[in-house]
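Now for the letters of each chain:
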Amino acid sequence: MDRSCRKARVVIVGAGAAGTLTALHLTREASRRTTPLEIVLVDPVDRWGRGVAFATTEEQHLLNVPAAGMSAFPQDPSHFVTWRSRHGHDGDAYSFAARAEFARYLDETLTEAVRQADGEVCVEHRRTRAVSCRRSTDESHGVVVTTADGRDLAADAVVIAPGLPAAGHDWAPASLRRSAFFVPDPWAPGALDVVRRDRVGPGDVLLVGTGLTMVDVALSLSDGVGRPDRVVHAISRSGRVPASHAPVLKPAAIPEIADWGNTLEQIRTSTVEHIAGVERATGDWRPAVDGLRFQVAHLWARLSETDRVRFLAEDAGRWNVIRHRMAPSSRVVLRELSHAGRLDIGTGEVRDAQPLAQGGLRVTLADGAVRDVGWVVNCTGPRPDVRDLGNPLLDDLLRVREDGALATVASAGMGVRTANGRLVDGHGSTAAPLWTLGALRRGELWESTAVPEIRTQALALASDVLDVVAPLPRRLEDGRLVPGTHPVARPRDPLGLPLSTTSEAAAVYNQGLERVMLLQGGGEDLIRHATELDPDFALAHAALAMLGHEAGASGDVRSSLAAAQDAITRRGDARERSLVDVVGLRIADARRSGAEALLRHIEDHPRDVLAVSAAVPTIAFSGIIDVQQDAWDLVERLAPSYGDHWWYISLLAFTRQDQGRFDEAGLLAESALSCEPSSGHAVHALTHVFYETGQHETGREWLDHWVAESGRSASHRAHFSWHAALHELALDDTEALRRRYYSQLAPPAVSGVRALIDSASLLWRWRVSATDWFESESAPPPIAAVLSAVGDTLLDDPASSFVALHSALAHTASGDVERLRRLASRCRVADEAPTREVVSRLCDALVATAEERWSDAVDGLEAVLPDLVVVGGSAAQREVIEETLVLALARSGRNDRAAAVIEARLERRPSPVDARRLAVLDELALPAR
C-alpha cells in the first residue's frame with residue numbers, strides 16, 4: 001500500500017508514564033502539523049497511564065516530586081497544578097500528590113488531546129505484551145512487532161517504553177525464594193493484600209531494602225488493617241533511608257561544570273565542594289543536589305566506562321539517597337511509626353529462611369540475628385542489567401541475527417545505546433525506526449527515570465519520529481510549497497532558520513547569537529567576526545546594526561547598516577531582506593513605520609529571535625511596544641512557533657511575572673533553567689518573582705550563586721547585582737548593601753546606561769527608603785562618581801523615556817535642580833509621547849521633591865504614578881517613584897496615607913525595612929532633615 005494514502009502508524013510498547021507521555025506528545029505534534037497518525041499502545045495494563053509506578057490505588061503512596069515538577073508539558077509547568085485545582089485538590093505547587101492521582105491526570109490529558117485532534121490522530125490500546133520485533137520486508141512499513149497472542153503489528157516506527165524493570169531477588173537464599181511467605185514483587189496486583197489481612201502467623205514483617213519502595217510498603221502495612229500491633233522491620237546493607245524534601249521549596253542551585261574535570265575523582269571533589277558551598281550559603285544541601293540534576297547527563301558523558309562502573313559500585317547508593325527523596329509528610333509518618341516502636345530500620349542481609357509451624361518464617365541475618373516474621377517483602381531496587389530481566393522483547397532486540405542485533409547495551413547493561421533516543425544497532429547504525437526513552441536510557445544518561453526527564457525526552461522524540469514517518473514537504477526560502485523541489489542545503493541558525501553565508505561564518509554567527517539569547521557578553525564580537533569571515537553576510541551586518549541601535553552594543557551602527565544594505569543586493573533570502581529593511585527603518589528614526597515593519601516581520605518569521613528580542617521590552621532591549629498588553633499578546637502568539645524552547649520559555653516567564661502571575665513565572669523560569677542554566681532572561685524573571693513575593697533571603701542567596709556559577713559570562717551582571725541589592729535594602733541590611741555597592745555597582749565596575757539605571761537609581765532609592773527615615777542610618781555613598789561614569793549625554797539628552805526617567809532620578813539624587821529643570825523642558829518637546837506626557841511631569845514632581853516642597857511633590861507624584869507603566873521597565877524599577885511618594889507623604893505630615901501605601905505593599909510581600917518604616921510612622925516621629 002502506498003504510504004501517502006494511509007495514516008502513519010507508531011507502535012508504543014508500554015502504556016505507563018513513559019508510553020503515555022510519548023503518545024500524548026505524538027498526538028499533539030501530529031495535530032499541530034495536521035499529520036494523520038495512528039498510535040497503538042501495547043501493554044496488558046487496564047488503562048494507559050497506569051504502569052507499575054502509578055498503578056497503585058493507595059492514597060498514601062505519594063509522588064516523590066512536587067506537583068510543580070510533574071506537568072506533562074515542559075512549556076507549561078503549571079499544567080498538573082492547574083489540573084489538580086480544577087479537580088478539587090490542593091493547588092499548591094509544592095504539594096505532593098498521590099501517584100494514583102497522577103495516573104488519572106495522564107489518562108485524562110491524553111484522552112483530551114485525542115479528542116482535540118478531531119479524528120486526525122487515533123490512539124488504540126492493545127492489552128497484550130510485545131514479545132519480538134523485526135525489520136519489515138514490506139517497504140510500506142519499517143518494522144513489525146509480534147505480540148504474546150501471536151499477532152503481528154506492522155509499524156512505521158516503534159517506541160520502546162517499558163518503564164523501570166522489576167526488582168531483582170537474587171539476594172534471597174533458595175529457601176526464601178521457595179517460600180509462600182515471600183513477596184518477590186510488592187507491586188504485583190494484590191501482592192500486599194494478603195500480607196495486610198494475615199492474622200495467623202507472626203505479626204511482624206521484614207522488608208529487604210530501605211529505599212522508596214520500602215517507604216511505600218511500610219506506609220501500606222502500617223495503616224492498622226489486619227494487625228494493629230504489627231512491627232515492620234526494614235534492612236539493607238547500608239541501612240540508608242531516602243532523605244526527605246524540605247518543608248519549604250528552595251530554587252535549584254545549578255553549578256557551572258566547565259572546570260569540573262573528566263574523571264570520577266575530579267567530579268567527586270567538585271560535587272562535594274558544590275554541595276558544601278551551597279549548604280554554607282543557604283543552610284540546606286538540597287538546592288545543590290537539585291541543581292546537579294540538570295548537569296548529571298553532561299557529567300556522566302565525561303566518565304569513562306571504567307569510571308561509570310566504579311560510580312555504580314561506590315557512589316550510586318549515596319546519590320540515590322539524597323537525589324530521590326520522599327515527601328515531607330511521608331517522613332513525618334515514618335518518624336511517628338519509629339517512635340511508636342512499629343518501624344525498625346537497620347543494616348542486615350538475609351542468609352537463611354525456614355518455615356515456622358504456625359506460618360511465617362524464621363529469618364537468619366548475616367550477623368547471626370534471628371527474626372520470626374509473618375512475611376518477607378522484597379523492596380530492593382530494579383534489576384540494573386537489561387540482559388538479566390527475562391523480558392522477551394528486549395532479549396529479541398539484543399539478539400544477534402543475520403542482519404545484526406537491533407539494539408546494543410549501554411554502560412553496565414543499564415539500557416541500550418541510542419543516538420538521541422533512536423536505537424543504535426549492532427552495526428552502529430540508526431537505520432531501523434526504533435526509539436526508546438526513560439529507563440532504557442539510564443546507561444547513557446544515568447538520570448532518566450523521573451517524569452521531568454521523561455516528558456522532555458517524549459517531546460523531542462515525538463518530533464523526531466514524525467520527521468521520519470511523516471516528513472513535512474520541502475519548502476523554499478519564502479515559505480511557498482513547491483512540490484518536487486530540493487533547495488540547496490544552507491547553514492541554519494539556532495532556531496533552524498537558513499543563513500545565506502558560508503558554513504564557517506554561520507558557525508561563528510550562531511555562537512554570537514546564542515550569547516545574545518543567553519544575555520552573555522561577547523555576542524556582538526563574534527557576530528562581527530562572522531562578517532570578517534564573510535563580508536557579504538548581510539544578516540550579520542544587520543544584526544550588528546540592530547544590537548548597536550536597540551541594545552546599546554558597541555560599534556558603528558550606520559556603517560553596519562550600510563554594509564548590510566550593500567550585501568543583501570548580492571545574497572539573501574526573503575527573511576534576511578526583510579530584516580535589513582526593518583533595521584534601516586528603525587535607524588532612520590522612522591519610529592512608527594519601523595515598529596510596524598518589525599511586527600510584520602515577526603508575523604512572517606516568528607522564529608527570528610533577533611527580531612523578537614528587539615520588539616519585546618526586556619533587560620537587554622527597550623522594545624518597540626509601549627502598551628504592556630500588546631507586548632504580552634505578542635509573546636503569547638509566538639507559543640506555537642517555539643514550543644518548549646528554553647529561550648521562549650524564559651521570555652514567557654518574564655511576561656508572567658509582569659502580569660503578576662508569580663507562581664507560573666517561577667515554574668517557567670525554572671523549567672527554562674533546567675534546559676539552559678545560563679539563560680539570563682529566565683534568571684531575570686526568577687529574580688523578579690523572588691522580590692515581588694518577598695523571598696528576599698532566598699533570592700539574594702540564589703542570585704549570588706548563579707552569578708558566581710552559570711552567570712559568569714552574563715552581560716548584565718550589574719543589573720543582577722542591583723536585584724540582589726534590592727533584597728538587601730528590603731531586608732534592612734544596609735551594611736551588606738554598602739559592601740555590594742562598592743564591589744559590584746560602583747565605577748569603574750559600571751558605566752554608561754547601566755551606571756544610570758542600576759547604580760544611580762539605587763543610591764536614590766537607598767536614601768528615600770532608609771537614610772531619610774532612620775536617625776541612626778548612615779548616608780549612601782556619594783553619587784558624583786556614578787554621574788561621571790554615566791556621562792552628560794545620557795543625563796541631559798536621554799534617547800528614550802525609560803532612560804529619561806532615570807536621568808531625572810540621578811539629577812534629584814545629586815540635588816542639581818537646574819539640570820533637572822532643563823531635562824523637564826527637553827522632555828516637554830520630545831518626540832516620544834511617554835517622554836513628553838509622563839516623564840516631563842515626573843521631572844516637575846522631582847523638582848518639588850529636591851526643593852522639599854513636599855505637598856507639591858505629593859500632588860505631582862500621585863498624579864504621574866498611574867501613568868508610569870507606559871515609560872517601560874519593570875514594576876520593581878518603577879517602584880522607586882512610589883518610594884519617593886511615601887517619603888513625601890510622611891514629610892508633608894500625611895502619615896496615615898504613607899502608612900496605607902506601606903501596609904498595602906506588606907500585604908503583597910514581607911519586608912523588614914517596610915515594617916520598620918511603618919513603626920516610625922506609628923510613632924509619628926520622623927527625624928527632621
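Anyway, here's the lowdown on the structure attached to this text. In this text, all values refer to a predicted model and were calculated from it rather than measured experimentally.

Focus: the sheet that holds strand β14 (residues 370–373)
Pairing within the open sheet is antiparallel, and its three strands lie in the order β12-β13-β14. Both outer strands of the open sheet, β12 (350–355) and β14, are each paired with one neighbouring strand and no more. Within the sheet, the average angular offset between the axes of one strand and its neighbour, ignoring direction, is 20°. Summarising the sheet, β12 and strand β13 (residues 361–365) pair through five bridges and their orientation is antiparallel.

Here's the deal with the pattern of salt bridges
Across all of its chains, the model carries 70 salt bridges by this definition. Across the pair R700 and D733 runs a salt bridge whose closest N-O atoms are separated by 3.3 Å. With R700 in helix α28 (residues 696–708) and D733 in the loop between α29 (717–730) and α30 (734–745), this pair connects stretches of sequence that are 33 residues apart. Exposure remark for R700: the relative accessible area of 12% places this residue in the buried category. You can call D733 partly exposed: its relative accessible area is 25%.

Notes on the sheet that holds strand β8 (residues 182–183)
If you walk across this open sheet you meet the five strands as β8-β15-β9-β10-β11, and the pairing is parallel. Only two strands of the sheet have a single neighbouring strand rather than two, namely β8 and β11 (343–347). The sheet contact formed by strand β9 (residues 205–208) and strand β15 (residues 375–378) spans four bridges and is parallel. Bridging from a neighbouring strand, V205 pairs with W375 of β15. Together, β9, β10 (232–236), β11 and β15 form the strand contacts of helix α6 (residues 212–221), whose direction differs from that of β9 by roughly 165°.

Thoughts on the state of the cysteines
This model, assessed by the stated rule, comprises zero disulfides. Residue C133 stays outside any disulfide, its sulfur separated by 20 Å from that of C122, the closest cysteine. On the accessibility criterion, C133 (1% relative accessible area) is buried.

Observations concerning the nonpolar core
In terms of nonpolar packing, the biggest core is built from 78 residues, with Y509 and W647 touching the most fellow members. Once residues within four sequence positions are removed from consideration, W647 is found in contact with M517, V609, V612, S613, Y642 and H681. Counting 72 residues, the second-largest nonpolar core is a separate cluster that includes A718, L729, I881 and A898.

Focus: a negative patch on the surface
A cluster of like negative charges, contributed by E903, E907, D922 and E923, occupies part of the molecular surface. Listed by contribution, the elements that provide at least two residues to the negative patch are α39 (895–908) and α40 (912–923). Following the sequence through the fold, D922 ends up in helix α40.

Overview of unusual backbone geometry
A cis geometry characterises the amide bond from P747 onward to P748, with omega recorded as 10°. Relative to the assigned elements, P748 resides in the loop between α30 and α31 (752–771). Phi at T34 takes a positive value of approximately 55°, unusual for a residue other than glycine. Position of T34 relative to the elements: it lies in the loop between α1 (17–33) and β2 (37–42). Judged by relative accessible area, T34 falls into the exposed class, the value being 54%. Notably, A412 is not glycine yet its phi reads approximately 55°, a positive angle.

What about the pairing of strand β1 (residues 8–13)?
For β1, a buried count of six out of six residues is recorded, marking the element as mostly surrounded by other parts of the structure. Side chains A8, V10 and I12 of β1 all project onto a buried face; the interleaved residues R9, V11 and V13 project onto the opposite face, where all are buried too. In this structure, β1 lies alongside β2, joined through six bridges in parallel fashion. Bridge pairing links I12 to L41 in β2. Each parallel crossover has a hand, and the one from β1 via α1 to β2 is right-handed.

So, the side chain of S560
If you trace the backbone, S560 turns up in helix α19 (residues 557–567). Not counting residues within four places of it along the chain, the set of residues in contact with S560 comprises H541, L544 and A545.

Some remarks on the packing of aromatic side chains
Where two aromatic rings form a pair, the distance of their centres and the angle of their planes describe that pair. Taken as a whole, this structure holds 18 aromatic pairs when the rule is applied. Measuring from centroid to centroid gives 5.3 Å for F311 and W446, while their planes differ by 85°, and the two rings are edge-to-face. Pair noted here: F311 is in helix α10 (residues 305–314) and W446 is in the loop between α14 (442–445) and α15 (451–469), with a separation of 135 residues, a long-range link. Owing to a relative accessible area of 13%, F311 belongs among the buried residues under this scheme. Joined through ring pairs, the aromatic side chains of F54, F80, W83, F102 and Y105 make up one cluster. Positioned over the ring face of F73 is R28, at 4.0 Å from the centre of the ring. The ring centre of F774 lies 3.7 Å from the NZ or CZ of R916, which sits over that ring.

Re α19
If you check which residues of α19 are buried, you get V557, S560, L561, A564 and A567. For α19, the buried positions fall inside an angular range of 135° around the axis, keeping them on one side. Sitting at the head of α19, D556 places a side-chain oxygen 3.3 Å from the backbone nitrogen of R558.

Brief notes about the packing of α39 against α40
Orientation of α39 relative to α40, taken along the N-to-C sense of each, is 155°, at an axis distance of 10 Å. Put simply, α39 runs roughly antiparallel to α40. For the element pair α39 and α40, the recorded crossing hand is left-handed. Counted together, N895, A898, A899, I902, E903, R905 and L906 of α39 and D914, A915, R917, L918 and L921 of α40 form the full contact between these two elements. Looking at the contact of α39 with α40 residue by residue, the class counts come to seven nonpolar, one polar and four charged.

Focus: the side chain of E709
With respect to the helices, strands and loops of the structure, E709 is situated in the loop between α28 and α29. Among all residues touching E709, those that are not within four sequence positions of it are I254, P255 and E256.

Notes on helix α12 (residues 328–339)
Between its terminal C-alpha atoms α12 stretches 17 Å, which fits the 16 Å expected from twelve residues at 1.5 Å a residue. Of the residues making up α12, those classed as buried are S330, L334 and L337. Down the axis of α12, the buried set is contained in an arc of 60°. They therefore lie on one face. Along α12, the residues that are exposed and aim more than 90 degrees away from the buried face are E336 and H339. Looking at the buried residues of α12, the elements they touch are α6 and β11. Within two residues after α12, G341 carries a phi angle of roughly 80°, on the positive side.

Description of the packing of helix α25 (residues 646–658) against helix α27 (residues 680–692)
At their nearest, the axes of α25 and α27 sit 8 Å apart, and the two run at 25° to each other. Viewed along their axes, α25 and α27 adopt a mutual orientation that is roughly parallel. Considering only the axes of α25 and α27, their crossing is left-handed. Contact residues: α25 offers W647, S650, A653, F654 and Q657, while α27 offers H681, A682, H684, A685, H688 and V689. In terms of residue class, the contact of α25 with α27 is built from six nonpolar, five polar and no charged.

Here's the deal with the environment of G415
You can see G415 is positioned in the loop between α13 (392–398) and β16 (418–419). Separated by 21 residues in the primary sequence, G415 and T436 place their C-alpha atoms 9.5 Å from one another. Leaving out residues up to four positions away in the same chain, G415 has contacts with V386, T408, V409, A410 and L440.

Reading the values: the criteria
- Residues numbered from 1 in each chain as written.
- Predicted model: local features only at pLDDT ≥ 70, side-chain atom pairs only at ≥ 80, totals over all residues.
- Heavy atoms only, no water.
- Pairing = 2+ DSSP bridges.
- Helix = DSSP H or I, 4+ residues; strand = E, 2+ residues; numbered from the N terminus.
- Axes fitted to C-alpha atoms, helices over the stretch in contact; angles between N-to-C directions.
- Salt bridge = Lys/Arg side-chain N within 4 Å of Asp/Glu carboxyl O.
- Buried < 20%, exposed > 50% of the residue type's maximum accessible area, 1.4 Å probe, protein only.
- Contact = heavy atoms within 4.5 Å.
- Disulfide = S-S within 2.5 Å.
- Core = buried A, V, L, I, M, F, W, Y, C linked by side-chain atoms within 4.5 Å.
- Patch = residues over 30% accessible without salt bridge, like charges linked within 9 Å, V, L, I, M, F, W, Y side chains within 5 Å.
- Areas by Shrake-Rupley, 256 points an atom, 1.4 Å probe, with all protein chains shown as cover.
- Lys, Arg positive; Asp, Glu negative; His and termini not counted.
- Charge placed at Lys NZ, Arg CZ, Asp CG, Glu CD.
- Right-handed = clockwise from strand over helix to strand, strands pointing away.
- Phe/Tyr/Trp six-rings, centres within 6.5 Å; stacked < 30°, edge-to-face > 60°.
- Lys NZ or Arg CZ within 6 Å of the ring centre and 35° of its normal.
- Arc of directions from axis to C-beta.
- Polar contact = N/O pair within 3.5 Å; in protein donor to acceptor, adjacent residues only side chain to side chain.
- Parallel < 35°, antiparallel > 145°, perpendicular 65-115°, else oblique.
- Left-handed = near helix turned anticlockwise from the far one by under 90°.
- Nonpolar A, V, L, I, M, F, W, Y, C, P; charged D, E, K, R; others polar.
- Expected span 1.5 Å × (residues − 1).

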